[in-house]
Amino acid sequence: MSYDRYVAICDPLHYHTILNRKLCLVLASGTWITGSLNSFVITIPASHMSFCQSRTIHQFYCDAKALINISCAGGEDFYIVIYMEALVYGTFPVMFCLTSYIQIIRVILQIKSKDGRKKAFSTCSSHLTVVIMFYMTTLSVYLVPPSEYSSVLEPVFSLLYSIVTPTINPLIYSLRNKDMKSALLKLLVGETKS
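Just so it is clear, the model here is predicted, and its values are computed rather than measured.

A. Broad picture of the environment of Thr34. Topologically, Thr34 is positioned in helix α3 (residues 21–47). Looking at Thr34, the relative accessible area reads 37%, which means it is partly exposed. Taking the C-alpha atoms as reference points, Thr34 and Gln59, separated by 25 residues in sequence, lie 25 Å from one another.

Written out as structure tokens, the structure is:
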């Protein structure tokens, strides 16, 4: 999406030639392949862990960090795999998004008209909002050191990045629609009058 927004704002006249069907298939295939590889890389070391305590995962789903919390052996090697995986599968997408948005912001600031800047920024603001929400909650789960509140905070942040962010994603994108904005405004104003 960040590359799509980059092309739409930075090179709008060539949008359809750059983001053609072939490139879209390559990007989608690359996403599926790297996602599958990511699962494979995590599953192999997880299968070598031993669980001698309770096998109940105190999480909403079987998360890598939740497995470490209930393991009694093999967790050290798993931590190394998790951090290497986070470095590869986390850093590159974040850097790609940041690079795209830095270029987008640079181009938006060069637009002379106020309306043009507003329209260009509104094109990418919804995606940027979702990306920030997703990465901030994900980083909160994986990079915050363990504390006495970890057992409460980790499931909450996991819920935010795995369920809440994808759920409100369509709402955030639809807020760009004028009809949706007016319906939401009527709903909110109508309830305050009651």
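B. Quick peek at the packing of helix α1 (residues 2–10) against helix α6 (residues 114–143). At a minimum axis separation of 10 Å, α1 and α6 run at an interaxial angle of 180 degrees. On the basis of the axis angle, α1 is roughly antiparallel to α6. Across the interface between the two elements, Ser2, Arg5 and Ile9 of α1 pack against Ala120, Thr123, Cys124 and His127 of α6. Split into classes, the residues belonging to the contact of α1 with α6 amount to three nonpolar, three polar and one charged.

C. Here's a closer look at the state of the cysteines. Under the defined criterion, the tally for this structure stands at zero disulfides. Summary of cysteine pairing: Cys24 is not part of a disulfide, and the nearest cysteine sulfur, belonging to Cys97, is at 16 Å. Taking the relative accessible area as the measure of exposure, Cys24 reaches 39% and is therefore partly exposed.

D. Region of interest: the nonpolar core. Judged by nonpolar contacts, Ile42, Ala46, Met49, Phe51, Ala64, Leu67, Ile68, Ile70, Phe78 and Ile82 together constitute the single largest core of 10 residues. Mapped by element, the contributors of at least two residues to this core are α3, α4 (64–70) and α5 (75–110). Among the elements that take part in this core, α4 stands out by supplying four residues, more than any other. Beyond its immediate stretch of four places on either side in the chain, Ile82 contacts Ile42, Ala64 and Ile68. Within the second largest apolar cluster, seven residues are counted, among which are Ile9, Tyr101, Ile108 and Ala120.

E. Just the packing of α6 against helix α7 (residues 150–174), in detail. Between α6 and α7, the least distance of the axes is 8 Å, while the angle of their chain directions is 175 degrees. Comparing their axes, α7 and α6 come out roughly antiparallel. Here Ser126, His127, Thr129, Val130, Met133, Phe134, Thr137, Thr138, Ser140, Val141 and Tyr142 of α6 come into contact with α7, specifically with Glu154, Phe157, Ser158, Leu160, Tyr161, Thr165, Ile168, Asn169, Ile172 and Tyr173. Considering only residue class, the contact of α6 with α7 consists of 11 nonpolar, nine polar and one charged.

F. Just the packing of aromatic side chains, in detail. Taken as a whole, this structure holds three aromatic pairs when the rule is applied. Taking 6.1 Å as the distance between ring centres and 25 degrees as the angle between the ring planes, the aromatic pair formed by Tyr3 and Tyr6 counts as stacked. Of the two residues, Tyr3 and Tyr6 both sit in helix α1, three residues apart, roughly one turn of that helix. With a centroid separation of 6.2 Å and 35 degrees between ring planes, the pair formed by Tyr3 and Phe96 is classed as tilted. Taken together, the positions of Tyr3 in helix α1 and Phe96 in helix α5 put the pair 93 residues apart, joining distant regions of the chain. Every member of this aromatic cluster is reached through a ring pair, and the members are Tyr3, Tyr6 and Phe96.

G. Examining α7 more closely. The end-to-end C-alpha separation of α7 is 34 Å, in line with the 36 Å expected for 25 residues at 1.5 Å each. Along its length, α7 reaches its greatest deviation from straightness, about 40 degrees, at Val164, and the proline Pro166 lies no more than four positions downstream. Listing the buried residues of α7 in full gives Ser150, Glu154, Pro155, Ser158, Tyr161, Thr165 and Ile172. In this structure, the buried side of α7 is in contact with α4 and α6.

H. Representation of the pattern of salt bridges within the structure. Counted by the stated rule, this structure contains one salt bridge. Asp4 is paired through a salt bridge with Arg5; the nearest N and O atoms lie 2.2 Å apart. Considered together, Asp4 and Arg5 belong to a single accessibility category, that of buried residues.

The rules we used
Residues numbered from 1 in each chain as written. Predicted model: local features only at pLDDT ≥ 70, side-chain atom pairs only at ≥ 80, totals over all residues. Heavy atoms only, no water. Helix = DSSP H or I, 4+ residues; strand = E, 2+ residues; numbered from the N terminus. Buried < 20%, exposed > 50% of the residue type's maximum accessible area, 1.4 Å probe, protein only. Axes fitted to C-alpha atoms, helices over the stretch in contact; angles between N-to-C directions. Parallel < 35°, antiparallel > 145°, perpendicular 65-115°, else oblique. Contact = heavy atoms within 4.5 Å. Nonpolar A, V, L, I, M, F, W, Y, C, P; charged D, E, K, R; others polar. Disulfide = S-S within 2.5 Å. Core = buried A, V, L, I, M, F, W, Y, C linked by side-chain atoms within 4.5 Å. Phe/Tyr/Trp six-rings, centres within 6.5 Å; stacked < 30°, edge-to-face > 60°. Expected span 1.5 Å × (residues − 1). Bend = angle between axes of the 7 residues up to and from the residue. Salt bridge = Lys/Arg side-chain N within 4 Å of Asp/Glu carboxyl O.

Interpretation in functional terms is not warranted from these geometric data alone.
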